Amino acid sequence: MLGKTANGLFWMSRYLERAENTARLIETGQRIALTRLSSGEEEWIPVLQSAGSLGGFHEAYETPGAEAAIDWMLRGRDNPSSIKTSISSARQNARLVRTAITGEVWEAVNATYMMASTLLARKVSERDLPSALAAIRQNTALVRGMIHGTMLRNDMYDFLRIGTFLERADNTARILDVKYYVLLPSVSAVGSSIDNVQWEGILRSVSARGGFRMEYGAEGGPQEIAHFLIFDKRMPRSLAFCVAKIKDNLRYLNAGQSKPSQSQKLVTHLENTYLSHGIEEVFDYGLHEFIEKMLELLAELAGQIQLDYRFYE
Amino acid sequence: MEKPESFDEMWGVSGALREPYRQFNTWFESEDPARLRKKQRDAEELFRLTGITFNVYGKAEAEERLIPFDIIPRIISGSEWFRLSRGIEQRVRAINAFLYDIYHKQEIVRAGRIPEEMISRNEAFLPHMIGMTPPGGVYTHIVGIDLVRTGPGEFFVLEDNARTPSGVSYMLENRETMLQMFPELFSQNRVQPVSNYPTDLRRSLAACAPPACESEPVVAVLTPGIYNSAYFEHAFLADKMGVELVEGHDLRVVDGRVAMRTTRGYKPIDVLYRRVDDEFLDPLNFNPESGLGVPGIMDAYRAGCLTIANAPGTGIADDKAIYSYMPEIVEFYTGERPILQNVQTWRCSEPEALAYVLDNLEELVVKEVHGSGGYGMLIGPTATKTDLAAFRRKLKARPGNYIAQPTLALSTVPIFSRAGLSPRHVDLRPFVLCSPGKVEITPGGLTRVALKKGSLVVNSSQGGGTKDTWVLED
């Protein structure tokens, strides 16, 4: 396979995952804003931060309130993480790697793009927001299903998966980075109602409410949430889960080689050093510092994969 | 049904249904027009979803457009096709022999059949090719011959596309669409299949592998990139052949061979189906500004380490001034009378011809010698006074840059319009594959149709559409 193709596959799936994550973050943000009976800009700043969308936001809008924040995340032309830009970048990459993906996958990506272009052509009203976001998540899920159901399990598939899980790990880490203070052990054992809303918001933004309740019943607090999102290997958006998947796919890519690749070494180091401990140690180390370190290592890993597989040169 | 002004392939000149359309017409008359209109819209949706689009040049953002598709097929009988395909084969063999000759001994010039300056002063003549024989002796691996029709048995060749003919993806996708929308038509009519084209193309290219190739030939398609107007087709063909689609920056010359950068290092290519023009192919040998090509590719080619399809320098055979000599070329190399006729052509470089063209400009079609895509041409009968005056000036300034042809009464085929069936002018581009000793022609081709009433311009860049083209088994 061409290095360029590996690059295209990697970014196609990253952008699709990003569009879906952004949709989920908007849903959560809207939910929290509605629950708290105010919709000031300050509510949305952390959401924009989690989505990696804060840069450029204030320049783009005269009155940067809630409505502007939602529009920026949905359709911001200069926002590289907006749903609209992510989906068109995903399609651009799909066009580039048209020969490496199946017709079904291409058509699903193209249909997603066509749907999003129509849906996001104009500002989406508050009333239409839930159905628009649902349609976007449904379509990106369709692409994932097509990839799962029609692609050969070869190195092309591996690059798609690596792109997906790197983006997802990055997203989970950023949500934790922005909201880490909500999860720090508080003086009182029982959180206030404001804390409860915040905790629920974090779980919602990674589609983990159901799973968490199934696991911890009504008891789980901030420490359990942090553990769940960082270490739980059954939770498909946890850092440990994503990193384990990346590690698997890197191993498949390296099959037949006598030595592990540089990126394999890096992911093993990441897993051994940062993801094989308990949550207490993370709090001792500092939750914020830990997350910063994870983000840094994930970026380094992405860079190493590009080098190992000759994405550019 | 509007009354046709020229020969209509469904209704003739008299309005009597022609035989190849008999079965189709029975079906059409029993169909509900509302259902067909819906199908026409479905077809468009299908094209959009599949992404069968072309990029329009000169727009701020590379805009993707659909080429309009008309659901009424263009139907050719088996016997009509038999004669056409013999004529095409003869012509393509002659073109290959001509290319070999002009890059070697130039016997056709010595024999006085073509003036020497037509070759030596031709912009498309590539000195790098002198004395070199491409692998297998094949110059034009893929050819598209543009044909027009004026009557039941009268076919003319309008143009020989010997460089990089495009449009074959439309031939294939138009058929796929028809099969999906009207399966019943294909059980009622015995239509010869076109779907083998990608497999045939791959086999044909592999058969032209260079001497340096020792195992299963590695084939790749070279595209100028995602913003090229025909990018969809490049990706489509690479996908259907199961080969890599590469760009210049994926390639480099490694140990004398052209190789592509894969995730596991550089891998040599044997046959490169390039959709990049000669000029941009090699910045070391041609245009130094080109970012689309591969430095040193011509040296690898000359050393027998690579096959380039079509061979560099084939452009001289689809030059419109050379076109006017095609009857002589066919006779010279095959020793036979040409089966397909040329359209009468005035070479404006000749003073007498120029005088005639200037006197009769209102009745003629004037084309640039190296033009394509329907750009830079004049259609006398529909041109304004200003256009005519402008072309008179251009002709006087650079006569050698133009040829002129009579305005032909092109045949029509009905399209499905609001009013029902309406005749529109068409042309036909069958696709031909050449490998050593072999010429294969896919039964059918691309039918382009001028959607505007009375218009003779069928180019997609000028608002033309396409149709599925059927060749029946007789």
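Residues numbered from 1 in each chain as written. Chains lettered and ligands numbered in written order. Predicted model: local features only at pLDDT ≥ 70, side-chain atom pairs only at ≥ 80, totals over all residues. Heavy atoms only, no water.

1. Quick word on the overall build of chain B
At step 1: Helices and strands together make up the secondary structure of chain B, namely 15 helices and 23 strands.
At step 2: Taken against the 2.2 N^0.38 rule, which gives 23 Å for 474 residues, the C-alpha radius of gyration of chain B at 23 Å falls within 12% of a compact globule.
At step 3: Over its C-alpha atoms, taken along the principal directions, chain B stretches across nearly 65 × 60 × 50 Å.
At step 4: Every one of the 474 residues in chain B was classed for burial, and the buried ones make up 60%.
At step 5: Sequence-distant contacts in chain B: of pairs separated by 6 or more residues, those separated by 24 or more amount to 69%.
At step 6: Surface accessibility of chain B: about 19400 Å² in total, with carbon and sulfur atoms responsible for 50%. (Helix = DSSP H or I, 4+ residues; strand = E, 2+ residues; numbered from the N terminus. Rg over C-alpha atoms; globule rule 2.2 N^0.38 Å. Buried < 20%, exposed > 50% of the residue type's maximum accessible area, 1.4 Å probe, protein only. Contact = heavy atoms within 4.5 Å. Areas by Shrake-Rupley, 256 points an atom, 1.4 Å probe, with all protein chains shown as cover.)

2. Here we look at the overall build of chain A
At step 1: Scanning chain A from terminus to terminus reveals 15 helices and zero strands.
At step 2: Against the compact-globule benchmark of 20 Å for 313 residues, chain A has a radius of gyration of 19 Å, which places it among compact chains.
At step 3: C-alpha extents for chain A along the principal axes are approximately 55 × 50 × 35 Å.
At step 4: Looking at chain A as a whole, 56% of its 313 residues qualify as buried.
At step 5: Sequence separation of at least 24 residues holds for 68% of the intrachain contacts in chain A that already meet a minimum separation of 6.
At step 6: Of the roughly 13600 Å² of accessible surface on chain A, a fraction of 52% belongs to carbon and sulfur atoms.
At step 7: Distance between charge centres in chain A, computed from 35 positive and 37 negative side chains, equals 8 Å. (Lys, Arg positive; Asp, Glu negative; His and termini not counted. Charge placed at Lys NZ, Arg CZ, Asp CG, Glu CD.)

3. What about the sheet that holds strand β17 (residues 402-406) of chain B?
At step 1: Spatial ordering of the open sheet is given by β14-β17-β15-β16 (chain B), a layout of four strands whose pairing is antiparallel. Each edge of the open sheet carries a strand with a single partner, namely β14 (346-347) and β16 (378-379) of chain B. (Pairing = 2+ DSSP bridges.)

4. Examining the pairing of strand β18 (residues 412-417) of chain B
Residues and elements named next belong to chain B.
At step 1: β18 sits mainly inside the fold: six of its six residues count as buried.
At step 2: Alternating residues of β18 divide into T412, P414 and F416 and V413, I415 and S417, and every residue in both groups is buried.
At step 3: As paired strands, β18 and strand β19 (residues 420-429) are joined by six bridges and run antiparallel to one another. Residue pairing in the sheet places I415 in a bridge with S422 of β19.
At step 4: Remark: two residues form the turn of the hairpin made by β18 and β19, two consecutive strands paired antiparallel.

5. Remarks on the domain arrangement of chain A
Residue and element names in this part refer to chain A.
At step 1: The domains assigned to chain A are domain 1 (1-151) and domain 2 (152-313).
At step 2: One C-alpha centre belongs to domain 1, the other to domain 2; they are set 21 Å apart.
At step 3: Around 3000 Å² of area is buried between domain 1 and domain 2 when both sides are counted, 59% of it from carbon and sulfur atoms.
At step 4: Three residues stand out in domain 1 for area buried against domain 2, namely F10, R14 and M151, and they jointly supply 20% of the buried area on that side.
At step 5: In this assembly, domain 1 and domain 2 are joined by four salt bridges.
At step 6: Across the salt bridge formed by R237 and E17, the nearest N and O atoms sit 2.5 Å from each other.
At step 7: Across the contact surface, domain 1 and domain 2 share 13 residue pairs in polar contact (both at pLDDT 80 or more).
At step 8: If you list the elements that add at least two residues to the side of domain 1 that touches domain 2, you get α1 (3-35), α2 (41-50) and α7 (129-150). (Domains from an automatic or database assignment. Buried area = accessible area lost by both parts, 1.4 Å probe. Salt bridge = Lys/Arg side-chain N within 4 Å of Asp/Glu carboxyl O. Polar contact = N/O pair within 3.5 Å; in protein donor to acceptor, adjacent residues only side chain to side chain.)

6. Considering helix α6 (residues 103-119) of chain A
At step 1: Compared with the 24 Å implied by 1.5 Å per residue over 17 residues, the 24 Å span of α6(A) between its first and last C-alpha is a close match.
At step 2: For α6(A), the full list of buried residues reads V105(A), W106(A), A108(A), V109(A), N110(A), T112(A), M115(A) and A116(A). (Expected span 1.5 Å × (residues − 1).)

7. A look at the packing of helix α8 (residues 155-183) of chain A against helix α11 (residues 222-231) of chain A
Residue and element names in this part refer to chain A.
At step 1: Their axes nearest at 11 Å, the elements α8 and α11 cross at an angle of 170°. Between α8 and α11, the angle falls in the class roughly antiparallel. Packed against α8, whose contacting residues are T172, L176, V182 and L183, the element α11 presents P222, I225, A226, L229 and I230 at the interface.
At step 2: Residues that form the contact of α8 with α11 fall into these classes: eight nonpolar, one polar and no charged. (Axes fitted to C-alpha atoms, helices over the stretch in contact; angles between N-to-C directions. Parallel < 35°, antiparallel > 145°, perpendicular 65-115°, else oblique. Nonpolar A, V, L, I, M, F, W, Y, C, P; charged D, E, K, R; others polar.)

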